[in-house]
Amino acid sequence: MNDLDSDNPRIIKEAVNYLARRDKNKQLKMALRDIVENFRICESLAAIWAIVILGIMRDKEAVYCLLDVFESDEDFTQEAAADALVLIERAHPGSVVPAAIEFIERRIDNDPFHAKIFAVGVLGEFIDQISVKNFLIKLFEKDKDIQDFIGSVLVNTKDKGILELLKRSLVFAEQVEDNIATNEMKWHCYYLANGIIDARPIA
């Protein structure tokens, strides 16, 4: 565990590989979760590597502490948590999606770190699920703050029925003279109408 604090890439790689293979060790998992829960006071990259290991382990008990990582402005840590959550959901369907939806719903009106963007990005990996798609459609209509980003996720459904939803948002953006939102919605409409995947990064 101490090697996760190292500045030596070789030592870190060996430590990550060694620890990740010990996925039956409950005490180890608890120790890794503890590092993640305290990532804000971690002065090294150990928290990121702990997140990576928990993802490799597909540790479904780590879901909530990984979601909490989104409540920060540490991009690399947030991205590592998003990747880990996707791995966990793929290995344990239903372990992440409901928790991510709940996480987003609690932050619709108050989200100082834009944590819900990363949670939406995780859900976007499972947009083929009807429950995810329906939730994001409702969220698109309800949450104007991140409507542009949700639109980029909905485009990946290739469901042309969503075009009307995007067009309504485009009309509104034009009426309030929001040039950025107008351009984004135009691209979303273009991508969806032509069956093009919007492959932009999470944030």
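Residues numbered from 1 in each chain as written. Predicted model: local features only at pLDDT ≥ 70, side-chain atom pairs only at ≥ 80, totals over all residues. Heavy atoms only, no water.

Participant: Can you break down the overall build of the protein chain residue by residue, with the values?
Facilitator: Check the secondary structure of the protein chain and you find 11 helices and zero strands. Ordering the α and β elements of the protein chain from the N terminus gives α-α-α-α-α-α-α-α-α-α-α. With the C-alpha coordinates aligned to their principal axes, the bounding extent of the protein chain is approximately 55 × 30 × 30 Å. A buried classification covers 47% of the 203 residues belonging to the protein chain. Within the protein chain, counting contacts between residues at least 6 apart in sequence, those at least 24 apart form 63% of the total. (Helix = DSSP H or I, 4+ residues; strand = E, 2+ residues; numbered from the N terminus. Buried < 20%, exposed > 50% of the residue type's maximum accessible area, 1.4 Å probe, protein only. Contact = heavy atoms within 4.5 Å.)

Participant: Explain the pattern of salt bridges to me, using residue names and the numbers behind them.
Facilitator: For the structure shown, the criterion picks out nine salt bridges. Its salt-bridge partner being Arg33, residue Asp59 comes within 2.8 Å of it at the nearest N-O pair. Taken together, the residues span a long stretch of sequence, with Asp59 in the loop between α3 (46-57) and α4 (63-68) and Arg33 in helix α2 (residues 26-37) at a distance of 26 residues. When its relative accessible area of 3% is taken as the criterion, Asp59 is described as buried. (Salt bridge = Lys/Arg side-chain N within 4 Å of Asp/Glu carboxyl O.)

Participant: Would you mind going over helix α11 (residues 179-193) in detail, with residue names and values included?
Facilitator: A rise of 1.5 Å per residue sets the reference length of α11, with its 15 residues, at 21 Å; its end C-alpha atoms lie 21 Å apart and thus fit the reference within 8%. When α11 is considered as a whole, its buried residues turn out to be Ala181, Thr182, Met185, His188, Cys189 and Leu192. Projected down its long axis, α11 shows its buried positions confined to an angular sector of 125 degrees, all on one face. Of the exposed residues in α11, those oriented more than 90 degrees away from the buried face are Asn179 and Ile180. (Expected span 1.5 Å × (residues − 1). Arc of directions from axis to C-beta.)

Participant: With reference to specific residues and values, describe the nonpolar core.
Facilitator: Counting 67 residues, the largest nonpolar core has Leu66, Phe70, Val120, Leu123 and Leu136 as the members making the most contacts within it. Looking at which element gives the most residues to this core, the answer is α3, with eight residues. Those residues in contact with Phe70 that lie beyond four places of it in its chain are Gln78, Ala81, Ala82, Leu85, Phe103, Phe113, Ala115, Phe118, Ala119 and Val122. (Core = buried A, V, L, I, M, F, W, Y, C linked by side-chain atoms within 4.5 Å.)

Participant: Which residues make up the packing of aromatic side chains, and what values go with them?
Facilitator: Applying the stated criterion to the full structure yields five aromatic pairs. An aromatic cluster of at least three residues, connected via ring pairs, comprises Phe70, Phe103 and Phe118. Over the aromatic face of Tyr18 sits the side chain of Arg22, whose NZ or CZ is 3.5 Å from the ring centroid. Its end group placed over the ring of Phe172, Lys144 keeps NZ or CZ at 6.0 Å from the ring centre. (Phe/Tyr/Trp six-rings, centres within 6.5 Å; stacked < 30°, edge-to-face > 60°. Lys NZ or Arg CZ within 6 Å of the ring centre and 35° of its normal.)

Participant: Explain the packing of helix α9 (residues 147-154) against α11 to me, and be specific about the residues and the numbers.
Facilitator: The N-to-C vectors of α9 and α11 enclose an angle of 10 degrees; their axes lie 10 Å apart at closest approach. In this view, α9 runs roughly parallel relative to α11, as classed from their interaxial angle. Here Gln147, Asp148, Gly151 and Ser152 of α9 lie close against α11, whose contacting residues are Ala181, Glu184, Met185 and His188. Partitioning the contact of α9 with α11 into residue classes produces two nonpolar, four polar and two charged. (Axes fitted to C-alpha atoms, helices over the stretch in contact; angles between N-to-C directions. Parallel < 35°, antiparallel > 145°, perpendicular 65-115°, else oblique. Nonpolar A, V, L, I, M, F, W, Y, C, P; charged D, E, K, R; others polar.)

Participant: Got a sec to walk through unusual backbone geometry? Specific residues and values, please.
Facilitator: The phi dihedral of Arg58 is positive, around 55 degrees, even though this residue is not glycine. By secondary structure assignment, the location of Arg58 is in the loop between α3 and α4. On the accessibility criterion, Arg58 (31% relative accessible area) is partly exposed. A positive phi is found at Lys158, a non-glycine position, where the angle reads about 60 degrees. Note on placement: Lys158 falls in the loop between α9 and α10 (163-175).

Participant: Talk me through a negative patch on the surface; I want residue IDs and the actual numbers.
Facilitator: Taken together, the side chains of Asp73, Glu74, Asp75, Glu79 and Asp83 present a region of like negative charge at the surface. Along the chain, the position of Glu74 falls in the loop between α4 and α5 (75-91). Its relative accessible area of 31% is what places Glu74 among the partly exposed residues. (Patch = residues over 30% accessible without salt bridge, like charges linked within 9 Å, V, L, I, M, F, W, Y side chains within 5 Å. Areas by Shrake-Rupley, 256 points an atom, 1.4 Å probe, with all protein chains shown as cover. Lys, Arg positive; Asp, Glu negative; His and termini not counted. Charge placed at Lys NZ, Arg CZ, Asp CG, Glu CD.)

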